[in-house]
Amino acid sequence: MTGAGYAVLVLLVLLLFGGGFLLGRRTARPVRTSDVGTPVEHATFETLHTASLAAPPLRAGLTEESARKSARRLRSLLGTDALCLTDRDRVLVWDGEGEHHGKHVMDQVRGLLASGRDTAFHSDCDDLDCPLRWAVAVPLTVDHRVLGTLIAYAPRESAVLARAAGEVARWVCVQLELAELDRSRTQLIEAEIRALRAQISPHFIFNSLAAIASFVRTDPERARELLLEFADFTRYSFRSHGDFTTLADELHSIDQYLALVRARFGKRLSVRLQVAPEVLPVALPFLCLQPLVENAVKHGLEGAVTLPRDLNSARTGEAPIRITISALDAGSEAVVVIEDDGTGMDPERLRQILRGEGGTSTGIGLLNVDERLRQVYGDDYGLVIETGTGAGMKVTVRLPKYRAGVHGS
């Protein structure tokens, strides 16, 4: 055998030995979770995972911050050299190469913003080293309104990229529509709270001040204490921050409300309170329980007798009305029950109120609270009301101890 043939033989032996060694190492190592599945399954998982990371920022709407946080994920979904997100007036973010193209983007998509139709264009870049020679722009629309554009850049024309950009843009539009729904829901809750505040303002404030005035001469210190209670109650009821509160804060406000009611009705009102300490931190919609207690007072006391002109006479000589408020621990939920032994209500009348057929001045509190509970927690968490004419009323509220997005403030 010649020297050259011998060298070739040695090389073949080394290759076989090395290949066998590597194959043994590969087959002997433990199977990892990431090794399981086909390439298609891996690609599907990676795509879904990337989309899930891009979604949360977009749920805040199309802003500079949300665009910045989601752009890299969106570019990864498309596998493109550069990606740009704009609103109707300016570039929100540029991710990838060729950021100098951003100076001309708004001129290039002006027609798209007007027509709402996809468009493709050549970048016409003067930089010979720039790889971005072609782009496809897709509108981002919500309720037939063009909010902005998604633009993907590539070295050359690509029908695949054009279709992919369209699909990713439609997915972004879904997230923006969800952001609009969240914003509408927040606005609705705020409007409903304003409706409750409007209900509190006219009659309760007048009656409370009238009751406080009745003590000014006979018991000035008592009048001072009631004015402080009134100030704290109105400060809480008309606060400007937060859709949610804690059960502890809501019960404290109710206690202040009842102190003002007692000043008006005296011994006619008997209140029993039973609260489990472990449910005090539970979060719930703001002004959710106070209207229910006010309803109990209204139908228990005001519904039973017409208040005489002499407020002091209303504090004596009448049969007491009992109101029981309990907040109990029920595992994953807190259960709040507000019960009175007052005049009650015809069940059919109650059904009309909860259907929104009670008129503009009747049952606003019950309907408002029922709707807000269902909006926040779902239809399984509406009010449960037991009543009958002359049989008092019992209202039960179930509150999950934890629900995503519900935090007391």
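Residues numbered from 1 in each chain as written. Predicted model: local features only at pLDDT ≥ 70, side-chain atom pairs only at ≥ 80, totals over all residues. Heavy atoms only, no water.

**Let's talk about the overall build of the protein chain**
- Each helix and strand in the protein chain was counted, giving 11 helices and 12 strands.
- Looking at the protein chain as a whole, 42% of its 409 residues are labelled buried.
- Considering only contacts in the protein chain between residues 6 or more positions apart, those separated by 24 or more positions represent 66%.
- For the protein chain, the computed accessible surface area is about 22,200 Å², with 55% contributed by carbon and sulfur atoms. (Helix = DSSP H or I, 4+ residues; strand = E, 2+ residues; numbered from the N terminus. Buried < 20%, exposed > 50% of the residue type's maximum accessible area, 1.4 Å probe, protein only. Contact = heavy atoms within 4.5 Å. Areas by Shrake-Rupley, 256 points an atom, 1.4 Å probe, with all protein chains shown as cover.)

**Quick word on the confidence of the model for the protein chain**
- Taken over all residues, the pLDDT of the protein chain has a mean of 78, while the share at 70 or more is 75%.
- When the criterion is pLDDT under 50, residues 1-34 qualifies, and its contacts beyond four places in sequence or with other chains add up to 5 contacts. (pLDDT = per-residue confidence, 0-100.)

**Digging into the sheet that holds strand E2 (residues 91-96)**
- Within the open sheet, the 5 strands sit side by side as E2-E1-E5-E4-E3. Their pairing is antiparallel. Each having just a single partner strand, E2 and strand E3 (119-122) make up the two edges of the open sheet. For this sheet, the mean angle separating the axes of adjacent strands, direction not counted, is 20°.
- Each of strand E1 (82-87), E2 and strand E5 (145-154) is contacted by helix H3 (residues 64-78), which is oriented at about 35° to E2, the strand it contacts most. (Pairing = 2+ DSSP bridges. Axes fitted to C-alpha atoms, helices over the stretch in contact; angles between N-to-C directions.)

**Quick word on the pairing of strand E12 (residues 393-400)**
- Counting buried positions over the 8 residues of E12 gives 6, a clear majority of the element.
- Sheet analysis places strand E10 (residues 333-340) next to E12, joined by 8 bridges and oriented antiparallel. Counterpart to Val337 in the pairing with E12 is Thr396.
- Pairing between strand E11 (residues 384-387) and E12: 4 bridges, direction antiparallel. What sits directly across from Ile385, in E12, is Val395.

**Overview of the packing of aromatic side chains**
- Across all of its chains, the model carries 4 aromatic pairs by this definition.
- Taking 5.9 Å as the distance between ring centres and 40° as the angle between the ring planes, the aromatic pair formed by Phe233 and Tyr257 counts as tilted. Note that Phe233 is positioned in helix H7 (residues 220-237) and Tyr257 in helix H8 (residues 247-265), a separation of 24 residues in sequence.
- What makes Tyr257 buried here is its relative accessible area of 3%.
- An aromatic cluster is present here, built from Trp94, Phe121 and Tyr153 joined pairwise through their rings.
- Residue placement shows Arg222 over the ring face of Phe215; its charged tip is 5.8 Å from the ring centre.
- The aromatic ring of Tyr381 is capped on one face by Arg398, whose charged end is 4.5 Å from the ring centroid. (Phe/Tyr/Trp six-rings, centres within 6.5 Å; stacked < 30°, edge-to-face > 60°. Lys NZ or Arg CZ within 6 Å of the ring centre and 35° of its normal.)

**Notes on a nonpolar patch on the surface**
- Judged by side-chain polarity, Leu273, Val275 and Leu280 come together as a nonpolar surface patch covering roughly 220 Å² of accessible area.
- Summarising the element assignment, Val275 is placed in strand E7 (residues 269-275). (Patch = residues over 30% accessible without salt bridge, like charges linked within 9 Å, V, L, I, M, F, W, Y side chains within 5 Å. Salt bridge = Lys/Arg side-chain N within 4 Å of Asp/Glu carboxyl O.)

**Quick look at the packing of H7 against H8**
- The N-to-C vectors of H7 and H8 enclose an angle of 140°; their axes lie 9 Å apart at closest approach. In terms of orientation, H7 lies oblique with respect to H8. Of the two possible hands of crossing, H7 and H8 adopt the one that is left-handed. Only Asp249, Glu250, Ser253, Gln256, Tyr257, Ala259, Leu260 and Ala263 of H8 make contact with H7, whose side of the interface consists of Arg222, Leu226, Glu229, Phe230, Asp232, Phe233 and Tyr236.
- Grouping the constituent residues of the contact of H7 with H8 by class yields 8 nonpolar, 2 polar and 5 charged. (Parallel < 35°, antiparallel > 145°, perpendicular 65-115°, else oblique. Left-handed = near helix turned anticlockwise from the far one by under 90°. Nonpolar A, V, L, I, M, F, W, Y, C, P; charged D, E, K, R; others polar.)

**Side note on a negative patch on the surface**
- Side chains of Asp124, Asp126, Asp127 and Asp129 sit close together on the surface and give a patch of like negative charge.
- Here Asp124 shows up in the loop between E3 and strand E4 (134-142). (Lys, Arg positive; Asp, Glu negative; His and termini not counted. Charge placed at Lys NZ, Arg CZ, Asp CG, Glu CD.)

**Some thoughts on the sheet that holds E10**
- If you walk across this open sheet you meet the 5 strands as E7-E9-E10-E12-E11, and the pairing is mixed. Each edge of the open sheet carries a strand with a single partner, namely E7 and E11. Geometrically, the sheet is characterised by an average inter-axis angle of 10° between neighbouring strands, direction not taken into account.
- Contacting E7, strand E9 (321-330) and E10, H8 runs over the sheet at an angle of about 165° to E7.

**Points about the pattern of salt bridges**
- Using the criterion set out here, one finds 13 salt bridges in the structure.
- Between Arg322 and Asp341 there is a salt bridge, with the nearest N and O atoms lying 3.1 Å from each other. Taken as a pair, Arg322 in strand E9 and Asp341 in the loop between E10 and helix H10 (347-354) lie far apart in primary sequence, 19 residues in all.
- Arg322 sits in the partly exposed class, given a relative accessible area of 48%.
- When its relative accessible area of 33% is taken as the criterion, Asp341 is described as partly exposed.
- Across the pair Arg398 and Glu333 runs a salt bridge, and its minimum N-O distance is 3.0 Å. You can see Arg398 sitting in strand E12 and its partner Glu333 sitting in strand E10, a full 65 residues away along the chain.

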